[in-house]
Amino acid sequence: MEQPDSPTAWYFFTDDLPDGEVIVPFRTRYGVAFGVRREAMPEETLKELNRTAQLVLGIGLAEVNTADH
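Attention in this report is confined to the structure presented alongside it.

Calculation criteria
- Residues numbered from 1 in each chain as written.
- Predicted model: local features only at pLDDT ≥ 70, side-chain atom pairs only at ≥ 80, totals over all residues.
- Heavy atoms only, no water.
- Salt bridge = Lys/Arg side-chain N within 4 Å of Asp/Glu carboxyl O.
- Helix = DSSP H or I, 4+ residues; strand = E, 2+ residues; numbered from the N terminus.
- Buried < 20%, exposed > 50% of the residue type's maximum accessible area, 1.4 Å probe, protein only.
- Pairing = 2+ DSSP bridges.
- Polar contact = N/O pair within 3.5 Å; in protein donor to acceptor, adjacent residues only side chain to side chain.
- Contact = heavy atoms within 4.5 Å.
- Core = buried A, V, L, I, M, F, W, Y, C linked by side-chain atoms within 4.5 Å.

### Quick notes on the pattern of salt bridges
One pass over the full model with this rule turns up four salt bridges. R38 is the partner of D15 in a salt bridge, and the nearest nitrogen-oxygen pair spans 3.5 Å. Of the two residues, D15 sits in the loop between β1 (8–14) and β2 (23–28) while R38 sits in the loop between β3 (31–37) and α1 (43–58), which places them 23 residues apart along the sequence. D15 gets classed as exposed once you look at its relative accessible area, which sits at 58%. Through salt bridges with shared partners, a single ionic network connects E44, E48 and R51.

### Examining the pairing of β3
Among the seven residues that make up β3, seven are buried, leaving the element largely enclosed by the rest of the structure. With seven bridges connecting them, β1 and β3 associate as parallel partners. Residue pairing across strands places A9 opposite V32, the latter belonging to β3. Summarising the sheet, β2 and β3 pair through six bridges and their orientation is antiparallel. The residue of β3 that forms the bridge with R27 is V32. Between the end of β2 and the start of β3, which pair antiparallel, lie two residues.

### Some points on the side chain of T14
Relative to the helices and strands, T14 is located in strand β1. Polar side-chain contacts of T14 include one of 3.0 Å to the backbone nitrogen of D16. Excluding its chain neighbours within four sequence positions, the residues that come into contact with T14 are G35, V36, R37 and R38.

### Let's talk about the nonpolar core
One finds A9, Y11, F13, V32, F34, V36, M41, L46, A53, L57 and V64 forming the largest nonpolar core, which totals 11 residues. Looking at this core, the elements with two or more residues in it are β1, β3 and α1.

Worth remembering: the numbers are spatial, not functional.
Laid out in structure tokens, this is it:
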């Protein structure tokens, strides 16, 4: 992943989550990522979550702290 200009958040499908978990957040040096179990939601919902995260961070309604990374 290329270093973004500012911390970001994104959602992605993964088959590698602990049993019983649907969405698992974790911090990276780029921001916060949300691993989502593939069967938990349609792809269009995941795309909308990413668009919403981009909007919310882009207009300053929320911030992602990456100070520990």
